[in-house]
Amino acid sequence: MNPKAAPAATSAEPSDAGSALAQKPPAGLYVHVPFCVSLCPYCDFVVVAGAAARGPTNKIESLAAALTAELNLRADALDARVGPPSGTTRPPLDTVYFGGGTPTLLPAATIADLLATIRTRYGLAPDAEVSIEANPGPDERGDAAALARAGINRISYGAQSLDPVELRRLGRRHQPADVADAVASARAGGIASVNLDLLYDVPDGSLIRWMDTLERALELGPDHLSLYALTLDDPDAEGLTGVGGDHLPTTRGARRWRDLAIPAQDEDRAAAQYHHAVHRLAADGWRGYEISNWARPGHESRHNLGYWERRPYEAVGPGAHAFDGATRRWNAAHLGRYIAALTPTDDEPAMLPPGGAETLDEQMALAESIVLGLRTDRGLPRSAATEPPLADAFGWALAAELLTIDAADRIVLTTRGRLLSNELFARLV
């Protein structure tokens, strides 16, 4: 994470729902790079593996050209709506996030070229947080020093576990030693902030294995930890994988793996694992600033805070989502159609990729503000308890020990509330 302290929250409080619907220029930019060397059976992100990611017929250059074209088309629309980047009507971007997939499969020079386009068309604050995701394996993590020269100052490694048995079970290609090597290379290369992603509630896992993984992770000295419960969804059943959908269809192999994995998960074990992490990290001075995220002081993810604070952000790439303060927009997930629209082979001009959009109303915006606010340790002002939609659920949540009032007189989730947050959020939306 960028060492600059996390900014004060700028999200609209519940009483400001109307102003939360105004269109605004983006504070951040997300760039989706869908390539991976192999597919993990639990992953629902927009990921393409195999020949498209590696080898003589890879699509890396084609994707880079399409991303550049989309960056320019989206910037043209912003220029027309609010003017070019400046310090007044359109401030420069505060954050850029290269996610995936494995964005470090792109050459560092390609990352540098994309950042050059971003600086020119969107502006980039001198102290901007510029993040990239990576896998820890030696053939996937990229050259940290080259990435730092390109402008990357934060890297997030998908470690997932530091137990070799669990890594094999999850279909991961790397070993625990690779994670240590990746962190060391990031430090040596000049990356200012390092995050590790870890998964709990791994099928047939145990509390002891989780405790050991967390200790090993702490020994590596990261600046930030993202701890996620393994969630095995079904995007096909949820209707997210159609022609304009933002997910790719689940492979048959991944479906079989999930069907076997789900019975091997355990809610009580997951709760024990989460409780252990909360207490262990607090004892070591970490701030649990969001349900799944802990940081050393000053290393909170500014880009992700933007999502939870409902700040507007632009996004490019297949399956990417954007938000302008009033409308949520997404690109369809299909890589071929994405590239074809933005880099046509005939003399036709580049076109924005297929996708969809949803315009929010005040009720939706208010519910989002409540849910996203509660995800963070800042929570909500006490007055939110008397306003819909929280008013109807507040007494129940307080009695169930899901919510409490903190020393700053704000409503926040308890640890129990963080574990059962979906039950509360379902009542609010």
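Residues numbered from 1 in each chain as written. Predicted model: local features only at pLDDT ≥ 70, side-chain atom pairs only at ≥ 80, totals over all residues. Heavy atoms only, no water.

1. Considerations on the overall build of the protein
Piece 1. When helices and strands are tallied, the protein shows 14 helices and 15 strands.
Piece 2. In terms of principal-axis extent, the alpha carbons of the protein reach across some 65 × 50 × 45 Å.
Piece 3. When the 429 residues of the protein are sorted by exposure, 55% land in the buried category.
Piece 4. Looking at the protein alone, contacts between residues at least 24 apart form 72% of all its contacts between residues at least 6 apart.
Piece 5. Total accessible area on the protein stands at roughly 17700 Å², and carbon and sulfur atoms take up 54% of it.
Piece 6. Taking the 40 positively charged and 55 negatively charged side chains of the protein as two groups, their mean positions are separated by 3 Å. (Helix = DSSP H or I, 4+ residues; strand = E, 2+ residues; numbered from the N terminus. Buried < 20%, exposed > 50% of the residue type's maximum accessible area, 1.4 Å probe, protein only. Contact = heavy atoms within 4.5 Å. Areas by Shrake-Rupley, 256 points an atom, 1.4 Å probe, with all protein chains shown as cover. Lys, Arg positive; Asp, Glu negative; His and termini not counted. Charge placed at Lys NZ, Arg CZ, Asp CG, Glu CD.)

2. Quick word on the packing of helix α1 (residues 60-82) against helix α2 (residues 108-122)
Geometry of a packed helix pair, given as the angle between the helix axes and the separation of the axes.
Piece 1. Direction vectors running N to C along α1 and α2 enclose 10°, while the axes themselves pass 10 Å from each other. As the angle between them shows, α1 and α2 are arranged roughly parallel. In contact with A64, L67, T68, E70, L71, N72, R74, A75, D76, L78 and D79 of α1, α2 contributes T110, L114, T117, I118, R121 and Y122.
Piece 2. For the contact of α1 with α2, the residue count by class is eight nonpolar, four polar and five charged. (Axes fitted to C-alpha atoms, helices over the stretch in contact; angles between N-to-C directions. Parallel < 35°, antiparallel > 145°, perpendicular 65-115°, else oblique. Nonpolar A, V, L, I, M, F, W, Y, C, P; charged D, E, K, R; others polar.)

3. So, the packing of helix α11 (residues 362-375) against helix α14 (residues 421-428)
Piece 1. Closest axis-to-axis distance for the α11/α14 pair is 10 Å, and the angle between their directions is 165°. Taken together, the axis directions place α11 and α14 in an arrangement best described as roughly antiparallel. The two elements α11 and α14 cross, and the hand of that crossing is right-handed. Seen from α11, the contacting residues are A367, I370, V371, L374 and R375; seen from α14, they are L424, F425 and L428.
Piece 2. In the contact of α11 with α14, the residues fall into seven nonpolar, no polar and one charged. (Left-handed = near helix turned anticlockwise from the far one by under 90°.)

4. Details of the pattern of salt bridges
Piece 1. Evaluated as defined, the whole model comprises 24 salt bridges.
Piece 2. Its salt-bridge partner being R302, residue D94 comes within 2.5 Å of it at the nearest N-O pair. With a gap of 208 residues between them, D94 in strand β2 (residues 93-100) and R302 in helix α9 (residues 302-308) connect regions that are remote in the sequence.
Piece 3. Here R311 ties to E309 by a salt bridge, and the two come within 3.2 Å at their closest N and O atoms.
Piece 4. Note on R311: relative accessible area 14%, which makes it buried. (Salt bridge = Lys/Arg side-chain N within 4 Å of Asp/Glu carboxyl O.)

5. Looking at helix α8 (residues 267-283)
Piece 1. Helix length check: α8 (17 residues) gives 24 Å between terminal C-alpha atoms against 24 Å at 1.5 Å per residue, within 8%.
Piece 2. Taken together, the buried positions of α8 are R269, A270, Q273, Y274, H276, A277, V278 and L281.
Piece 3. Here the buried face of α8 lies against β5 (193-200), α6 (207-219), β6 (224-229), β8 (293-295) and α13 (415-419).
Piece 4. By the N-cap criterion, in which a side-chain oxygen at the helix start approaches the backbone nitrogen of a residue two or three places on, α8 is capped by D266, the distance to D268 being 3.1 Å.
Piece 5. Following α8 by one or two positions, G285 has its phi on the positive side, about 85°. (Expected span 1.5 Å × (residues − 1). Polar contact = N/O pair within 3.5 Å; in protein donor to acceptor, adjacent residues only side chain to side chain.)

6. Re the environment of W396
Piece 1. Tracing the backbone shows W396 in helix α12 (residues 390-399).
Piece 2. Overall, the relative accessible area of 28% leaves W396 in the partly exposed class.
Piece 3. Spatially, the C-alpha atom of W396 lies 9.2 Å from that of L424, the residues being 28 residues apart in sequence.
Piece 4. In this structure W396 touches L402, E423, L424 and R427, once residues within four positions along its chain are discounted.

7. What to know about the nonpolar core
Nonpolar side chains in soluble globular proteins tend to end up buried together.
Piece 1. Ranked by internal contacts, the top residues of the largest apolar core, which has 86 residues, are F35, F98, I118, L225, L374 and L424.
Piece 2. Examining the composition of this core, we find that eight residues originate from one element, α1, more than from any other.
Piece 3. Setting aside chain neighbours within four positions, we find L225 in contact with N195, L196, L198, L214, A217, L218, L281, W286, S292, N293 and W294.
Piece 4. L199, V202, L230 and L232 belong to the second largest nonpolar core, which has nine residues in total. (Core = buried A, V, L, I, M, F, W, Y, C linked by side-chain atoms within 4.5 Å.)

8. Quick notes on the confidence of the model for the protein
Piece 1. Residues of the protein with pLDDT of at least 70 account for 95%, and the chain-wide mean is 93.
Piece 2. Note that pLDDT drops below 50 for residues 14-19; the model gives that stretch twelve contacts with residues more than four away or on any other chain. (pLDDT = per-residue confidence, 0-100.)

9. A closer look at a negative patch on the surface
Piece 1. Taken together, D266, E267, D268 and E423 make up a surface patch of like negative charges.
Piece 2. With respect to the helices and strands, D266 occurs in the loop between α7 (252-261) and α8.
Piece 3. Accessibility expressed as a relative area gives 33% for D266, which makes it partly exposed. (Patch = residues over 30% accessible without salt bridge, like charges linked within 9 Å, V, L, I, M, F, W, Y side chains within 5 Å.)

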